[in-house]
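# Working through the structure, step by step
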Amino acid sequence: MSIRSFKTLAGLGLTASVFAGAAHAASLQEAATLASAASVKTLEFAGAGHWRQFGQAPVPGGDWPKFDVSAYSAAIDFDKAAERVLITRSQTPDGRARPAPVEQKLEWFIVGDKAWNVAPPQGAAPGAAPVATPAPAAVDERVAEIWATPQGFLKAALANNAKSETAGSGVEVSFAIGARRFVGTIGADNHVSAIKTWIDTPVLGDTLIETHFSGYKDFGGLHFPAEIHRSEGGHEILHVNVASAKANGAVDIAVPANVASAPAPVVAVASEKLADGVFYLTGGTHHSLAVEEKDHVVLIEAPLSEERSIALIQKIGEIIPGKPVKYVVNSHVHFDHSGGLRTFVDAGATIVTQDISKAYYEKAWAAPHTLRPDRLAASKKAAKFETYEHKHALGDLHAIEIHHIAGSGHSDDLALVFLPKEKLVIEADAYTPAAVGAPPPATPNPFSVNLYDNIQKLRLDVERIAGLHGRVATIDELRVAIGLKKAAAN
């Protein structure tokens, strides 16, 4: 490496001692030069392909569900650590009984530590103006995407005291941005071929995001891959065939006022008594239900995160004092419905779940949880399970029946809970009761049809349904929603 090249590297925060050898430093600089990384302030690229929904596998441990992407575009401002991603997608038919695919247009943003989505308000009429909604849970993943582009990775490597070592015919380069670690491979052709980074997710802990690049082309002077393939948590999450790419265009991304001024999210749990000893725990997008027994509590669902579970524990202690949560019934593995289970494992509760879900949880919960350690990472307690295939029973003061929802297109491990005395079903994702007075859907949701069919086959005497999204509805409202009954006149 020439003295001039060494000075260039040193001026960017690199010294020969950072690298295993001068050849490695030269490889990084050559790659950066080829990618024009040092001079790239903004990056834009677009294409099409497919995207998958993380944490929503219809089979525990299986692939994330697939969506066809007719248009994908990303615009990045590296100086501001800002990104805008626009996706037009529709779910890929997979042979499961699902709602008919509809085209969805998604807009995702981040600037620094502020992430938000832009979409019409939930439940709004067609054509309603989109609004910006804070998305703090998406910050880590979106930051990772910025620096997991070839130019972003090289710029960050040059600015963050990267280390490197020989890896086959190429060079492995690693560095950290705060607590975020990045490891990339530069091939013999001086192109970035792969990048690994890790983020925290409540179920999987330290979750690997791995991006591979291939088919580099000259896009008007910018060397950029023609194909991007990304996996998250061991399964594919994104595949883009790149049609265009450019550097240093006008990328103007500003944080909306309501996002900039939004307070830190506060997890609050509200309680509604549905019957003696039966409490509907709401206060957010995902709900739970607590059932009081002689000397303990049975909790149905621990969704989202440890923060939500801590708030649930506090609320249960207020409404049912002196009785610990002994059992937590899990509706299914999807991460938004299982993200709080680890907290209850630490608290000593037994997890009640499908036979096919136990092995998945045991493997997931054994993974490292170092990026954002939770209570279970500290206590290292072993999980206790009660599992079943078709039906399970709990309760002493209250009879509690847990039934597998057979044939659901949503998830193979989906369950409902039935309280016979209260004639109450508790379920997630099969039926989300609409707002009171809202017209029934033009086409019945097959998940809801399947739920009703299961209720009938199981001969459950049901009067009410407590949705773990939405609200408490009557069985007649479900019949209306699936077209078996007309809505009552106002």
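Anything mentioned here points back to the structure above.
Below or above, wherever it landed, is the structure these notes cover. (Residues numbered from 1 in each chain as written. Predicted model: local features only at pLDDT ≥ 70, side-chain atom pairs only at ≥ 80, totals over all residues. Heavy atoms only, no water.)

Broken down by element type, the protein chain carries twelve helices and 28 strands. A globule of 490 residues ought to have a C-alpha radius of gyration of about 23 Å, and the protein chain, at 25 Å, matches this closely. By the burial criterion, 51% of the 490 residues in the protein chain qualify as buried. The long-range fraction of contacts in the protein chain, counting pairs at least 24 apart against all pairs at least 6 apart in sequence, stands at 59%. As presented, the protein chain carries roughly 21,600 Å² of accessible surface, and 54% of it is formed by carbon and sulfur atoms. Distance between charge centroids for the protein chain: 2 Å, based on 45 positive and 53 negative side chains. (Helix = DSSP H or I, 4+ residues; strand = E, 2+ residues; numbered from the N terminus. Rg over C-alpha atoms; globule rule 2.2 N^0.38 Å. Buried < 20%, exposed > 50% of the residue type's maximum accessible area, 1.4 Å probe, protein only. Contact = heavy atoms within 4.5 Å. Areas by Shrake-Rupley, 256 points an atom, 1.4 Å probe, with all protein chains shown as cover. Lys, Arg positive; Asp, Glu negative; His and termini not counted. Charge placed at Lys NZ, Arg CZ, Asp CG, Glu CD.)

Here strand β7 (residues 163–167) runs beside strand β8 (residues 170–177); their pairing, made up of five bridges, is antiparallel. For K163, the partnering residue across the bridge sits in β8 and is S174. Between the antiparallel neighbours β7 and β8 lie two residues, among them G168 with a positive phi of about 65°. In this structure, β8 lies alongside strand β9 (residues 180–186), joined through seven bridges in antiparallel fashion. (Pairing = 2+ DSSP bridges.)

On to the layout of surface pockets, then. Here the second largest pocket is characterised by a volume of approximately 290 Å³. Around the second largest pocket, the lining comprises 14 residues; the ones closest to its centre are L204, G233, Y360, K363 and A364. Broken down by secondary-structure element, the contributors of at least two residues to the lining of the second largest pocket are β11 (205–214) and α9 (355–365). Of the residues belonging to the lining of the second largest pocket, the class tally is seven nonpolar, five polar and two charged. (1 Å grid on protein atoms, 1.4 Å probe; cavity = no way out; pocket = protein on both sides within 12 Å on 5 of 7 lines; lining within 4 Å. Points joined across faces, edges and corners; volume = space filled by probe spheres on them. Nonpolar A, V, L, I, M, F, W, Y, C, P; charged D, E, K, R; others polar.)

This next bit is on empty space enclosed by the protein. Under the definition given, this model contains three cavities of 30 Å³ or more. Space inside the largest cavity adds up to approximately 80 Å³. In terms of lining residues, the largest cavity is bounded by F45, Y72, A74, E83, E145, A148, T149, T211, F213, I228, R230 and L238. For the lining of the largest cavity, the elements supplying multiple residues, two or more each, are β2 (66–77), β11 and β14 (227–232). Considered class by class, the residues forming the lining of the largest cavity number seven nonpolar, two polar and three charged. In this structure, the second largest cavity encloses a volume near 40 Å³. Taken together, I300, V329, N330, S331, A415, L416, V417, I426, E427 and L468 make up the lining of the second largest cavity. For the lining of the second largest cavity, the elements supplying multiple residues, two or more each, are β25 (415–419) and β26 (424–427). Top contributing element to the lining of the second largest cavity by residue count: β25, with three residues.

Turning to the environment of T285, a few remarks are in order. One can find T285 in the loop between β17 (278–282) and β18 (288–292). In contact with T285, other than residues within four places in its own chain, are L304, L468 and H469. Only 2.6 Å separates the side chain of T285 from the side chain of H286, close enough to count as a polar contact. (Polar contact = N/O pair within 3.5 Å; in protein donor to acceptor, adjacent residues only side chain to side chain.)

Taking strand neighbours across the sheet as the criterion, the seven strands line up as β16-β17-β18-β19-β20-β21-β22 in an open arrangement whose pairing is mixed. Of all strands in the sheet, those bounded by a partner on one side alone are β16 (270–275) and β22 (384–388). The sheet shows a mean angle of 25° between the axes of neighbouring strands, direction not considered. The sheet strands contacting helix α6 (residues 306–319) are β16, β17, β18, β19 (297–300) and β20 (325–329), and the helix crosses β17 at an angle near 145°. Strand contacts of α9: β21 (350–354) and β22, with the helix running at about 125° to β21, the strand carrying the most contacts. (Axes fitted to C-alpha atoms, helices over the stretch in contact; angles between N-to-C directions.)

This part covers unusual backbone geometry. Peptide bonds are, in most cases, trans, and in most cases residues other than glycine have a negative phi. The phi angle at N190 is positive, at roughly 65°, despite the residue not being glycine. Positionally, N190 belongs in the loop between β9 and β10 (192–201).

This model, assessed by the stated rule, comprises 14 aromatic pairs. Summarising the aromatic geometry, the rings of F54 and F335 are spaced 5.3 Å apart at their centres and angled 85° between planes, so their arrangement reads as edge-to-face. Remark: F335 occurs in helix α7 (residues 335–338) and F54 occurs in the loop between β1 (42–52) and β2; sequence separation between them is 281 residues. Accessibility assignment for this pair places F54 and F335 in one class, buried. Taking 5.2 Å as the distance between ring centres and 5° as the angle between the ring planes, the aromatic pair formed by F109 and W116 counts as stacked. Overall, the relative accessible area of 10% leaves F109 in the buried class. (Phe/Tyr/Trp six-rings, centres within 6.5 Å; stacked < 30°, edge-to-face > 60°.)

This part takes up the nonpolar core. Among the nonpolar cores identified, the biggest contains 83 residues, and F45, Y72, L154, F224, L299, V328 and W365 are the most heavily contacted of them. When near neighbours in sequence (up to four residues on either side) are disregarded, F224 contacts L43, F45, P150, Q151, G215, Y216, K217, F219, V242 and A245. By size, the runner-up hydrophobic cluster in this structure holds 23 residues, among which are L289, V298, V352 and L468. (Core = buried A, V, L, I, M, F, W, Y, C linked by side-chain atoms within 4.5 Å.)

What follows deals with the sheet that holds strand β24 (residues 400–404). Strands sit in the order β23-β24-β25-β26-β27-β28 across an open sheet of six strands; the sheet is mixed. The open sheet is flanked by β23 (391–394) and β28 (472–474), the only strands paired with a single partner. Going across the sheet, the axis of each strand differs from the next one's by a mean of 25°, ignoring polarity. In this sheet, β28 lies alongside strand β27 (residues 464–467) in antiparallel orientation, the contact comprising three bridges. Each bridged residue has a counterpart across the sheet, and for A466 the counterpart in β28 is V472.

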